[in-house]
Amino acid sequence: MFPPDISRLPVILLRLLETFQMALAGTFIGIILSLPIAVLATRDFSPHPVVRFLTKGLVSFCRTIPDLIWALIFVVAVGLGPFAGTLAIIVDTIGFCGRFFAEAMEDVEKGPQEALTALGASRTDIIASAVVPGAMPAMIATGLFSLEKATRGSVVLGIVGAGGIGVELQVALDLFNYAQAATIIFVIFVLVLAVEQVGSALRARILVSGK
Amino acid sequence: MLSRLDLKSQQSTIGSGQRSPDFDLEISDLSKRFGTNTILRGISMSVESGSIVSLIGANGAGKSTLLRSCIRLIEPDSGSITVQGKQLVGAAHRDLVFVRSKIGFIFQKHNLSSRLSALSNVIHGAQSRRGGPRTWIQAFAPKELREEAMDMLAAVGLSHKALSRADQLSGGQSQRVAIARALMQRPRIILADEPVASLDPSSGFEVMELLIRLAREHKATVMFTTHNLKHAEEYADRVIALKGGLIAFDQHASQFSAASVKDLYV
Ligand SMILES: Nc1ncnc2c1ncn2[C@@H]1O[C@H](COP(=O)(O)OP(=O)(O)OP(=O)(O)O)[C@@H](O)[C@H]1O
Ligand SMILES: [Mg+2]
């Protein structure tokens with residue numbers, strides 16, 4: 001393994017960037033989609049208990065199936081490449097954020113909602129003006145966690161051909177090229193560490209100012 | 001102005017379904033029970049347009065229950081509530097929302113969205129007449145809405161705090177923002193449930209003073225609950241006391257005195 005082989009470093013870094021792009025895009029789209037899904041899954045804002053039940057079921061289903069399996073499914077459905085990986089991350093993010101956004105919305109203090117109910121505001125306006133702002137710190141923290149999770153997850157997705165650096169790692173391992181594998185693992189480690197550090201720093205700031 | 005005796009004689013006509021245009025709020029035979037605990041036992045009252053009524057009574061007497069029932073934040077068990085001639089009990093959701101839009105409700109706790117600016121919170125008051133994304137936060141709001149909200153903040157003396165986050169305001173400032181939000185509704189009626197109970201005595205008087213002055217300027221009818229008899233005496237035209245789920249007395253403010261309340265809080 002030593003010394004690590006850095007001859008293919010530019011290619012490896014490009015693949016790493018692709019991995020991070022998949023994670024970022026997948027998480028971002030997943031978070032946007034999770035918002036309305038979470039609303040439908042809450043006790044107070046779901047239009048009907050049946051809708052709530054079905055939505056919660058859908059979110060659990062997204063969570064139950066591992067991201068690697070989702071990646072396999074999407075590779076079959078849309079072909080090899082980062083698009084399949086991004087789709088897998090979107091679904092995985094919905095499984096995570098859909099649940100925790102709903103809980104964050106249910107935990108928001110009721111006073112501001114009641115004040116808007118009292119003046120005749122619509123359900124949508126109440127959610128947008130009182131519930132979402134109240135749940136925002138918790139939702140941002142959840143969103144950052146899911147970005148960390150997606151970054152870690154997206155590394156592996158390449159192994160099933162869903163884009164990113166995973167495929168490089170697999171090839172290196174298949175060829176017993178451990179010096180190159182060491183380089184790949186090291187750059188992955190740096191990326192994951194960086195995302196986690198930035199995530200914790202942002203979370204700490206939000207929780208302080210969120211009071 | 002009707003005298004108290006006139007009020008009494010007017011009240012007796014409510015049962016027949018007759019409505020006098022002089023009354024903004026008419027409550028008739030209103031009852032409410034929580035489990036086996038009967039809180040209101042057939043309350044009837046009519047609140048004259050433009051008048052200021054203070055509702056007093058011991059803890060648990062049902063003041064908040066009565067006030068909340070007026071906009072059906074609590075569903076009464078029986079009786080009728082008529083706001084500017086519109087029957088609320090059993091009304092369809094649309095009609096309920098319409099009536100609510102005309103009533104500013106001030107809570108003991110300001111109930112602002114704490115992470116949004118004072119200005120955004122005031123703009124929320126406009127959701128009573130027009131909703132949608134442009135009323136969600138001040139940055140989205142159209143010019144005329146922002147300007148109206150700024151006028152309301154000026155009226156409560158908080159122009160300089162427009163862009164401060166609500167959770168950075170003092171208790172008195174927050175309650176004034178809540179008043180500005182209620183005024184943004186262009187309300188006909190203001191219901192205030194112990195609006196200054198969590199403020200210190202001097203801010204309490206200031207905010208009470210402001211609320212009553214602005215309500216008079218906007219020609220809104222006011223009903224407020226309080227444990228501060230000085231506020232009742234000072235600001236109300238009429239004092240109504242609840243005890244045991246019934247109206248213990250209903251007096252013109254000029255008749256109201258320490259003697260009136262001697263049995264109220266025992
Ligand atoms: N949602 C509820 N469920 C059960 N009981 C309730 C509910 N709301 C109020 N009560 C009860 O009804 C009674 C009257 O309450 P209410 O808040 O109307 O009194 P109040 O006159 O406003 O008292 P205070 O001066 O303490 O504010 C109390 O005994 C209270 O416990
Ligand atoms: Mg009360």
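Quick note: structure is the one above.
Note that the structure is predicted; figures quoted are calculated from it, not measured. (Residues numbered from 1 in each chain as written. Chains lettered and ligands numbered in written order. Predicted model: local features only at pLDDT ≥ 70, side-chain atom pairs only at ≥ 80, totals over all residues. Heavy atoms only, no water.)

Draft legend 1. Quick peek at the site of ligand 1. All names here are of chain B. Inspection of the region around ligand 1 gives 13 residues, with N59, K63, S64, T65 and H227 positioned closest. S64 is positioned such that a nitrogen or oxygen atom in its side chain is 2.7 Å from an oxygen atom of ligand 1. Alone, ligand 1 offers 630 Å² of accessible surface; in the complex the protein occludes 58% of this. The element contributing the most residues to the shell around ligand 1 is helix α2 (residues 63-69), with three residues. Each residue belonging to the shell around ligand 1 can be placed in one class, and the counts come to four nonpolar, seven polar and two charged. (Near = heavy atom within 4 Å. Polar contact = N/O pair within 3.5 Å; in protein donor to acceptor, adjacent residues only side chain to side chain. Areas by Shrake-Rupley, 256 points an atom, 1.4 Å probe, with all protein chains shown as cover. Helix = DSSP H or I, 4+ residues; strand = E, 2+ residues; numbered from the N terminus. Nonpolar A, V, L, I, M, F, W, Y, C, P; charged D, E, K, R; others polar.)

Draft legend 2. Examining the packing of aromatic side chains more closely. Residue and element names in this part refer to chain A. Applying the stated criterion across every chain, the model contains seven aromatic pairs over all chains. Geometrically, the ring pair formed by W70 and F74 is stacked, given 6.0 Å between the ring centres and 20° between the ring planes. Of this pair, W70 and F74 are both found in helix α3 (residues 67-78), four residues apart, which corresponds to roughly one turn of the helix. Grouping residues by exposure puts W70 and F74 together as buried. An angle of 70° between the planes, with centres 6.5 Å apart, marks the rings of F176 and Y178 as edge-to-face. R203 extends its terminal NZ or CZ atom over the ring of F145, reaching a point 3.8 Å from the ring centre. (Phe/Tyr/Trp six-rings, centres within 6.5 Å; stacked < 30°, edge-to-face > 60°. Buried < 20%, exposed > 50% of the residue type's maximum accessible area, 1.4 Å probe, protein only. Lys NZ or Arg CZ within 6 Å of the ring centre and 35° of its normal.)

Draft legend 3. Quick look at helix α7 (residues 201-217) of chain B. Residues and elements named next belong to chain B. With 17 residues, α7 should reach 24 Å at 1.5 Å per residue; the first-to-last C-alpha distance of 24 Å fits that figure. Regarding α7, the residues found buried are S203, G204, V207, M208, L210, L211, I212, L214 and A215. Structurally, the start of α7 carries an N-cap: the backbone nitrogen of S202 is 3.0 Å from a side-chain oxygen of D200. K219 sits one or two positions beyond α7 and adopts a positive phi of about 55°. (Expected span 1.5 Å × (residues − 1).)

Draft legend 4. Layout of the pairing of strand β6 (residues 103-106) of chain B. All names here are of chain B. Burial of β6 is two-sided: the residues I103 and F105 facing one way and the residues G104 and I106 facing the other way are all buried. Taken together, the four bridges between β6 and strand β7 (residues 189-193) define a ladder with parallel strand orientation. Within β7, the position partnered with I103 by the bridge is I189. (Pairing = 2+ DSSP bridges.)

Draft legend 5. Representation of the sheet that holds strand β5 (residues 86-87) of chain B in the model. Residues and elements named next belong to chain B. The strand order across the open sheet formed by four strands is β2-β1-β4-β5, and the pairing between neighbours is antiparallel. For this open sheet the edge positions go to β2 (37-48) and β5, each flanked by a neighbour on one side alone. Relative to β2, strand β1 (residues 23-34) runs antiparallel, the two sharing nine bridges. When the sheet's bridge partners are listed, S31 is paired in β2 with R41.

Draft legend 6. Broad picture of the environment of S80 of chain B. All names here are of chain B. Mapped onto the elements of the fold, S80 is located in strand β4 (residues 78-83). Classification of S80 as buried rests on a relative accessible area of 18%. Along the backbone, S80 and A236 are 156 residues apart, and their C-alpha atoms lie at a distance of 24 Å. Not counting residues up to four positions away in its chain, the partners in contact with S80 are E26, I27, S28, Q87 and V89. (Contact = heavy atoms within 4.5 Å.)

Draft legend 7. Representation of the pattern of salt bridges within the structure. If you walk through the whole model with that rule in mind, you get 23 salt bridges over all chains. Of the charged contacts, one joins R203 of chain A and E148 of chain A as a salt bridge, the two residues approaching to 3.2 Å between their closest N and O atoms. Within this pair, whereas R203 of chain A is found in helix α8 (residues 178-209), its partner E148 of chain A is found in helix α6 (residues 123-157), the two being separated by 55 residues in sequence. Exposure class is identical for R203 of chain A and E148 of chain A. Each is buried. Notably, a salt bridge pairs K262 of chain B with D263 of chain B, separated by 3.9 Å at the nearest N-O pair. It is possible to trace a salt-bridge network through shared partners that takes in R8, R15, E18 and E168 of chain A. (Salt bridge = Lys/Arg side-chain N within 4 Å of Asp/Glu carboxyl O.)

Draft legend 8. Structural view of a nonpolar patch on the surface. All names here are of chain A. Residues F28, I29, I32 and L33 make up a contiguous nonpolar surface patch of roughly 370 Å² in combined accessible area. Its place among the elements puts L33 in helix α1 (residues 9-40). The exposure class of L33 is partly exposed, given its relative accessible area of 39%. (Patch = residues over 30% accessible without salt bridge, like charges linked within 9 Å, V, L, I, M, F, W, Y side chains within 5 Å.)

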